[in-house]
Each structure stands twice: as structure tokens, then as C-alpha cells.
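In case you want the letters, here they are:
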Amino acid sequence: MSRALLIAAREYRQIAATRGFWVVLLMIPLMIAVSQFAGKLITPQASVAYVLVDASGQYAPAIQHRMELSYQRAVLGDLAAYVQKWKVGSASPGAVWASGPRWFSDAEAQTFIAQGGLPAALGQIAPRLPADATPFKSAEPRLYIPVDPPAGVPIDQGPDAFGAAMAGPLQGDVVTHDGKRPLTLAVYIPKDFGASADPARVWSNGRSTGPLIDTIRAELTGRLRAQALQTSGLAPAVFTRIESLAAPMTIANPPEGRGRAQVVVRSLLPLALVYLLLITVMVTGAMMLQSVIEERSNKLMESMLACVRPSELMYGKLIGIGGIGLTTVVFWAACAVGAAFFAAQGMAADFLKPSLVALNHPWIWGAMVFYFLAGYLVVSMIYLGIGALSDSMQDAQAYLMPVVAVIMLPTVLMMAATAQNPNGVLPHVLSWIPIYTPFAMLARLGSGVSQVEVLGTGAMLILFLAVELYLLGRLFQVSLLRTGQPLKLGGVIKLIRQSEAV
Amino acid sequence: MSVLSLDHVVKRFGDFTAVDDLSFAVPEGGIFGFLGGNGAGKTTSLRMALDIIRPTSGRIEVLGRAPGRENAADVGFLPEERGLYRRMTVLDTVVYFGRLKGMAAGAATKAAQGLIDRFGLGPWSRQAVDKLSKGMSQKVQLATALVNSPRLLILDEPFSGLDPVNQAVLEELVLEMARGGSTVVFSTHVMQHAERLSDRLLLLSRGRKVFEGTQDEARATLPGRLVLTSRADPSGLAGVASATAAGPAGDGWAAWKVELKPGADAGDLLQACTASGFALRQFETHKPSLHDVFLHLVGADQEIVK
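If you're wondering where the values come from, they're calculated on a predicted model, not measured in any experiment. (Residues numbered from 1 in each chain as written. Chains lettered and ligands numbered in written order. Predicted model: local features only at pLDDT ≥ 70, side-chain atom pairs only at ≥ 80, totals over all residues. Heavy atoms only, no water.)

Engineer: Got a minute to help me understand the overall build of chain A in this structure?
Structural biologist: Counting secondary structure elements, chain A contains 18 helices and five strands. Burial analysis of chain A (502 residues in total) assigns 45% to the buried set. Of the contacts made within chain A by residues no fewer than 6 positions apart, 74% connect residues no fewer than 24 positions apart. As displayed, chain A offers around 25100 Å² of accessible surface, 65% of which is attributable to carbon and sulfur atoms. (Helix = DSSP H or I, 4+ residues; strand = E, 2+ residues; numbered from the N terminus. Buried < 20%, exposed > 50% of the residue type's maximum accessible area, 1.4 Å probe, protein only. Contact = heavy atoms within 4.5 Å. Areas by Shrake-Rupley, 256 points an atom, 1.4 Å probe, with all protein chains shown as cover.)

Engineer: How should I be thinking about the pairing of strand β4 (residues 179-189) of chain A in this particular structure?
Structural biologist: For a regular strand, side-chain orientation follows a simple rule: the groups alternate between the two sheet faces. Residue and element names in this part refer to chain A. Within β4, nine of the 11 residues are buried, leaving the element largely enclosed by the surrounding structure. Inspection of the sheet shows strand β3 (residues 173-176) paired to β4 by four bridges, in the antiparallel sense. What sits directly across from Val174, in β4, is Arg181. Linkage of β3 to β4, two consecutive antiparallel strands, is achieved through a turn of two residues. Relative to strand β5 (residues 201-204), β4 is paired through four bridges, and the arrangement is antiparallel. Each bridged residue has a counterpart across the sheet, and for Ala186 the counterpart in β5 is Trp203. (Pairing = 2+ DSSP bridges.)

Engineer: Can you walk me through unusual backbone geometry in this structure?
Structural biologist: The phi torsion of most residues other than glycine is negative, and most of the peptide bonds are trans. Notably, Lys87 of chain A is not glycine yet its phi reads approximately 55°, a positive angle. Topologically, Lys87 of chain A is positioned in the loop between α3 (60-85) and α4 (106-114). For Asp251 of chain B, which is not glycine, the phi torsion reads 60° and is therefore positive. Relative to the helices and strands, Asp251 of chain B is located in the loop between β11 (240-250) and β12 (253-260).

Engineer: How should the packing of helix α2 (residues 90-100) of chain B against helix α4 (residues 134-146) of chain B be read in this particular structure?
Structural biologist: Each pair of packed helices can be summarised by the angle the axes make with each other and by the distance between the axes. Residue and element names in this part refer to chain B. Contact geometry for α2 and α4: axes closest at 8 Å, N-to-C directions at 30°. It follows that α2 is roughly parallel to α4 by the angle criterion. Here α2 runs over α4; the crossing is right-handed. Judged by residue contacts, Val90, Thr93, Val94 and Phe97 of α2 engage Val140, Ala143 and Thr144 from α4. Here the contact of α2 with α4 is built from residues that sort into five nonpolar, two polar and no charged. (Axes fitted to C-alpha atoms, helices over the stretch in contact; angles between N-to-C directions. Parallel < 35°, antiparallel > 145°, perpendicular 65-115°, else oblique. Left-handed = near helix turned anticlockwise from the far one by under 90°. Nonpolar A, V, L, I, M, F, W, Y, C, P; charged D, E, K, R; others polar.)

Engineer: Explain the interface of chain A and chain B to me, please; I cannot follow it from the model alone.
Structural biologist: Listed by partner, the interface residues are 25 residues for chain A and 29 residues for chain B. Summing the contributions of chain A and of chain B, the shared interface buries around 2700 Å²; its carbon and sulfur component is 55%. At the boundary of chain A with chain B, the tally comes to two salt bridges. The closest approach of N and O atoms between Glu70 of chain B and Arg309 of chain A, which form a salt bridge, is 2.6 Å. (Buried area = accessible area lost by both parts, 1.4 Å probe. Salt bridge = Lys/Arg side-chain N within 4 Å of Asp/Glu carboxyl O.)

Engineer: What am I meant to see in the sheet that holds strand β10 (residues 225-230) of chain B here?
Structural biologist: One key point about sheets: their strands pair by backbone hydrogen bonds, in either a parallel or an antiparallel sense. Residue and element names in this part refer to chain B. Taken together, four strands build an open sheet; the order of strands is β11-β12-β10-β13 and the sheet is antiparallel. Each edge of the open sheet carries a strand with a single partner, namely β11 and β13 (280-286). Averaged over all pairs of adjacent strands, the angle between strand axes in this sheet comes to 20°, irrespective of strand direction. Looking at chain direction, β10 and β12 are connected through six bridges and run antiparallel. Its bridge partner being in β12, Val227 is matched across the sheet by Lys257. Sheet strands in contact with helix α8 (residues 266-276) are β10, β11, β12 and β13, and its direction is about 170° off that of β13.

Engineer: Looking at this structure, I do not really get the packing of α2 of chain B against helix α3 (residues 105-118) of chain B. What am I missing?
Structural biologist: All names here are of chain B. Interaxial distance between α2 and α3 falls to 8 Å at its minimum, and their mutual angle equals 130°. The pairing of α2 with α3 is recorded here as oblique in orientation. Our pair here, α2 against α3, has a crossing hand that is right-handed. Between α2, through Val90, Leu91, Val94, Val95, Gly98 and Arg99, and α3, the contact on the second element is made entirely by Ala105, Ala108, Thr109, Ala112, Gln113 and Ile116. When grouped by side-chain class, the residues that make up the contact of α2 with α3 number eight nonpolar, three polar and one charged.

Engineer: Would you explain the confidence of the model for chain B in this entry?
Structural biologist: A low pLDDT score tells you not to read the predicted coordinates there in detail. Looking at chain B, pLDDT values average 89 and 98% of them are 70 or higher. Scored as a complex, the prediction yields pTM 0.69 and ipTM 0.83. (pLDDT = per-residue confidence, 0-100.)

Engineer: Would you mind showing me how to read a nonpolar patch on the surface here?
Structural biologist: All names here are of chain A. A cluster of nonpolar side chains, Leu326, Val330, Val369 and Leu373, forms an exposed patch at the surface whose accessible area comes to about 320 Å². For the nonpolar patch, the elements supplying multiple residues, two or more each, are α11 (310-342) and α13 (362-389). Among the secondary structure elements, Val330 is positioned in helix α11. Among the residues examined, Val330 registers a relative accessible area of 55% and is labelled exposed. (Patch = residues over 30% accessible without salt bridge, like charges linked within 9 Å, V, L, I, M, F, W, Y side chains within 5 Å.)

Engineer: Honestly, the nonpolar core in this entry has me stumped. Any pointers?
Structural biologist: Nonpolar side chains in soluble globular proteins generally cluster together in the buried interior. Counting 108 residues, the largest nonpolar core has Met304 of chain A together with Leu4, Phe24 and Leu100 of chain B as the members making the most contacts within it. Of the residues forming this core, the biggest block, 16 residues, is contributed by α13 of chain A. Non-local contacts of Leu4 of chain B, meaning those with residues more than four positions away in its chain, are made with Phe24, Ala25, Val26, Ala49, Ile60, Glu61 and Val62 of chain B. With 35 residues, the next largest nonpolar core counts Val95, Ala112, Leu170 and Ala178 of chain B among its residues. (Core = buried A, V, L, I, M, F, W, Y, C linked by side-chain atoms within 4.5 Å.)

Engineer: Help me out: how do you make sense of the side chain of Glu468 of chain A in this one?
Structural biologist: Residues and elements named next belong to chain A. Turning to its location among the elements, Glu468 is positioned in helix α17 (residues 451-479). One buried charged residue, Glu468, remains without a salt bridge, the closest side chain of opposite sign being Arg474 at 15 Å. Every residue in contact with Glu468, bar those within four places of it in the chain, is listed here: Leu377, Val378, Met381 and Ile382. (Lys, Arg positive; Asp, Glu negative; His and termini not counted.)

Engineer: Where do I start with the pattern of salt bridges in this structure?
Structural biologist: Here the idea is simple: oppositely charged side chains can pair when their charged atoms come close. Overall, the coordinates contain 28 salt bridges over all chains when judged by the stated rule. The partner of Asp106 of chain A in a salt bridge is Arg73 of chain A, and the shortest N-O contact between them spans 2.9 Å. In this pair, Asp106 of chain A sits in helix α4 while Arg73 of chain A sits in helix α3, placing the two residues 33 residues apart along the sequence. With a closest N to O distance of 3.6 Å, Glu28 of chain B and Arg151 of chain B form a salt bridge. Residue Glu28 of chain B is found in the loop between β2 (16-27) and β3 (30-36), and its partner Arg151 of chain B is found in the loop between α4 and β6 (152-156); the two are separated by 123 residues along the sequence. Assessed through its relative accessible area of 42%, Glu28 of chain B is described here as partly exposed. Overall, Arg151 of chain B belongs to the partly exposed group, its relative accessible area being 33%. Linked through salt bridges whose partners overlap, the residues forming this network are Arg3, Arg309 and Glu312 of chain A together with Glu70 of chain B.

Engineer: Looking at this structure, how should I read the packing of aromatic side chains?
Structural biologist: The relation between two aromatic rings is expressed through the spacing of the ring centres and the mutual angle of the planes. Residue and element names in this part refer to chain A. In this structure the tally under the stated criterion is 12 aromatic pairs over all chains. Both rings, one in Tyr82 and one in Phe136, keep their centres 5.3 Å apart while their planes meet at 75°; by these two values the pair is edge-to-face. Taken together, the residues span a long stretch of sequence, with Tyr82 in helix α3 and Phe136 in the loop between α5 (117-125) and β2 (144-147) at a distance of 54 residues. When its relative accessible area of 17% is taken as the criterion, Phe136 is described as buried. (Phe/Tyr/Trp six-rings, centres within 6.5 Å; stacked < 30°, edge-to-face > 60°.)

Here it is in C-alpha cells:
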């Protein structure tokens, strides 16, 4: 075995024996495992309960009906998208959900309810669903659940008594047909609402209930306007016809999984790789730094250099600690792929699997692996160089802080910019600056980067790596036995140029 | 045949000349002492022999080859500044260095285990190095230098940091290596070690050679000194450079400190005294120490230890 490989094997074994390595290694599988069952636990409960008391007896049914229509319209939209995705509209060509997702009118939502709602529709399409179809899951929960007034709350003693009695219950949860929910709103509509100046009264616990209040206000306003119009002589039938009018509008969305959604899905894995790359290089870079500094501070360097060349020491460390990084990433990737194809829910099923499936060009996979490894090497060599110049971790910090800032700040800014526009100026510019190329290109890979750009930045990156390797080799040759104060940048350059002091 | 030779070697670090036109040869077998005060160029010369640093000019040969890691299989090296991988076990450490010197895994393990047992470290062979005492760690370090049974063993200030007991152990080991056929080159600024161990010596001062040869040859560079007791002043005798009265010895006799002229022999002087009837009651030659030689050749401003 060559001396570089012997050094690599020792570095690998030493780091693999540390607790820190295992903590980092198990971080991602643990996150995936937790996401399988903790998603619901960590997601804030969206739906809330409310109490509606209508002393007039005229408005509550209409408000409840309006709330139900809103909910059923959302379910209908999700169902129509699901039907289009699995191409099962032929199960009932006349059904409102058969012709794809769009804005559904009140009348269509009403028809959906009348035809048996979601259970009936799912019953119709079930026989035609392909075997690999995922179960239908509506993205829209029932946000506002009506409940009866809590026991002991007077509903016939006027709004003040009602409001005072509701103060306590509004601080807690109530049992609904969907389970326990926080009680967030109490509404009292007075007996002669509309005829007198008495307002409808609303008590809230401060939690956001804007859409619910807007719906109640719109429904009450509509009813008052209808009464006013009828009083002024408009026939009820005419009013009903006017009320059902809706501006005709068609909205063209790309099919499910295409367009912007496709870009987002395709970008998930490459973007995740950017973060993994950052974490991996920072963690293993610190290990690499510690390893070189240990040899310097433990006065091992001279013994080592009597047996191996500085370049062999450098290659050995790069290979060994690079192996640690690769082990980590391959293990993470294996866990992610395994989870994506075997998990039925959670992060893996919701995000990883669609992203893996969407990356359907082999060259993208090749580019992802290349940029990841190249990025790993670019940063690792910087860490090794710092280690070669430092007598202690304290010395290393002096070099490390500016280096980390130079790498991290533009990368984080670029990631934020990429989320807004993957082909914006900053990601484009950073793609051609070698130290940022791996991060920027990985971030952009899912959004349709041309193969020419991949080849161009790739060639430049290889050239940069060759230069970096050469400079690091020189630095190793001249600095490993150097002692004294940490050098400034000019001193480092002077040291590298000292060919005589090999 | 020489196992190590330097031919007009110069090493400069910027404006500073660490080694200045140094030439010497270490013959195979025996123990070669590298003497000099701090900054004399001992470590720099040894590092150049190991190819850790390269000379500015001149030529170096190690075991008949140019310096380089190709020689690592036949060379053992114990640096002045010593350290080990703290979390590696004793056995793994010694085996690792054996393998870096080109040994096969099995041979390295066997040799390492043998050395560990010989140094009394057997019970600790599976312990991490950071669990060992300082003395034990130094033995492990020495084992890493010896694991490949080197033809040439280079020790840079090997006795520094060792307690007297371990110094004696190391001295015995150096002698044993030499008896086993290895050539030992060691640097030191402690004259006693050099005096007890060295067959040949190289004295360095400020990067330049001031002497190379055996201990007797080194002592011969000093004028002979002796103490005699006589009735008459010995200043006029042939070969005497000076004679200083050291006090009366009773009954007309007086003690004298005598320094001989360069090249003059104490035996010749005694013979001349006997032949000429110069009455003597005491004739005691004084053998100069290496410390005296060093002071004579280098001067008193160098940091050395008797």
C-alpha cells in the first residue's frame, strides 16, 4: 500500500472512531425517521372552533352554509387536480371534478355536495386508479369548526351576558367532531339585527380568525342588502339570479407537476445537496484542520517527514478525510433514497421521492456528483492549508473566520436569491467564480442549466482545483516545520514562493 | 564505505547561513557524535540527510544514495522534538511507522511487538498513547525509530528530556545497536554522552566544521598538560612550553603545573628527565576532557554542557 494510502487509512480510522463522526453520520437518517411520525406533531394545528349564537334565527344557517361551501370548494379543487394527475376523469365525465382544476363557483360546489361530496367521488374513481396511485389527501383542512355554546353560557340574556360568559372558554380547547380544537371566536347576532342599530358582536381570543370574520360579515351584509333590495321592490328571484352572477374567468395552470412546480420539485435535491455540502465541508474540514494541527502541535511532523514526502502527507489527508466525507454523504444518500421509495409519508415521501423522480436526465446526476465532490475538495484544501500554517486551533481561528465568511456569506445570499429566481444575476455570476461554482451550480441544476454552462464551469473548476492542489503542495513543503506567529496573507504568498526552503 | 557523507554542503534560510561549506563522512559501523552548541547547525544537517529540507548547495549521500524517502526502509530517526498520535494505541503507532518505512504488515507487527516487549511496554501495547507516562511515550517513540532495524540510526539530541535512568537505558541501547552492526549518528550538546559513546566526532560551530576525527585525535589538538614534583624548575626541559609553580612539597621539593609545546609528548619528556638526571618525585599526565577540547576549538561562548 502506498504511503499516502496508509496515511489516508489512519486518518479515516481515527475520525471514524470519534463520537462526533457518528453524531454527524446519523443526523440525516434520524431527521428522516422523525419526519415519518412527527410531521403532525410539529405542524401547528390549523383548524379552530367557533361559537355562533343567532338570536334572530335568520342568519346562522346561511353563515354555516357559506363556510361549508368554501371548504367543499377547496376539497373540490384538490380532487380535480388528483383526478387529472391520475387521468381518471372518465370515471364520471359529467362530474364537476372531471374536467381538471379551476375556480369552482358556488353552484358547482353546491352540485359537488349534492352529488355526495368527496366520499361519492372517491368511490367513483377508485376502480380506475392505477395500482401505484397514492391515496387522495386534501391539502385543505376544515379551518373553522362550529360548536355549540359551552354549558352554562347564557344565550338568551343578551350579548353582554353571553360575551362575559364566553371569556373563560375562549382561553381553552373544546371538543369538536374532529377532536380537540382551540375555541377562538364567539359571535352573537342580536334578535332584531338589521331592524335596529344593535350590531353583531364578536369576541376573539386574539388568534387570527380574519377569514371567518370576513365570511360572517359578507354573509350578514349580503342578507341586509337583499332585504333592502326586496324592501325597495326587487323580486326575490331577480335578487337570487343577480347574487349568483360571477365574472367569467379561465385560469390556465400548467398540468400537475409541471411548470414552476416542476422547477421547485427538480430543485429540491440539488438544493438539499448545497446545504449538505456546506455542513459536510465545515464538519470534516474542522476534523481535517484538527488532524494537521495535532501533528504540528504534538511535534509529530518531523518524524512523519522523515518517512513520507509532504505531498504524500497532503494526499493521504485529503484522501482519508475525503473518504470520511464521502462515507457520510453516501450513507445519507442511501438513507434518503431508501426512505423515499419505502416511506409512505413524511419528508421522504412528500419531498424526496418526487425530487428523485423529477431528475430524469443522467447528466444531471453526473453533474450533481461532480459539483459535490469538487466543492468538497475546494474547501477541504483550504482547511488543509490553514492547518499547515497553524500551530494551534487558536492560530487556525485567525485564518478560519475570514475564510468561512468569504465562503458562507455569498453562498447564503445566493441560496436566498436562487429561491426567488434561480437564473438571477447573483447565482449566474457566482457560477463562474470557482470557489462558489459548486454551490451556485448545484443550486441552479434543477432550474434548467444548459449543458454548455455545466461543461464550461466544470472545466474551470477542474483547472482551479489543479492550481489549488499545486499551491497547497508548495505550502505543505515549506510550512510544516515552520513555527511562530500566524502569517498574514502577504506572508503566506511569500512562503509559497520560497522555492529554496523546501 | 561511508553511510553518510556531506560534501561542501551549504544551507541558507534567507540571509542566514545555517550550514556553511560542511564536509564530513560517517564510516559504516560505530557511533558518530555530532557536537555543537545551540544553533551550530546539527539539526539542519540531520534534516538535510533525511531530505526533510534540501541543501542550498553541495552534495549529500545516505547509504550510497541521494537523500530521500527511498532510504526510509534502512534509516531510523528520532527527532529532538518528539510526539505521537495521542489516540493511537502503542502497537498501532509502532506498526504504522514500520509500514510507512515500507515494511509489510505482518513483519511490522512482529517487529513492533518485539520492541514493545523489550522496552517493558507489553502490558500497555493496546493502550492509547495518551494513557502512558512521559518515559513510556519516549520509549514508544524510540521503538518507532527502531522498528525497521535500521542500518543507519539518526538520533537528534536523544538524551534531552530523559531522566538519568532512561538516559542510561538509551545509552545502552545505542551501544547495543552499534554492536549489532548499525551505524548510529547522534547529535548532542552534552559532552559526557559524546565522550562515553562516540567512536568518532564532528564538532560544529556556527554551521562550520571545526573538527572531525576520533576522541584521541580531538584531545591531541590540545597541548599536553601534566603535574610534576621536582627539586628544580622544569621550564628549561625540552618540549616544555611553560611551567607554573603549584607550591612547595616539603624537603626541597616543589609541585609544578606544566604545559607542553604543541606536538610534544609527555613520554618523551619523562625519558629526557631520566636521561639527564632531572630528579622527579611525581610525574602525572592530565588527559583533557572533550569539554576542554570543545572550549579550545570552539571557544567559551557556545552553549554546551559538560
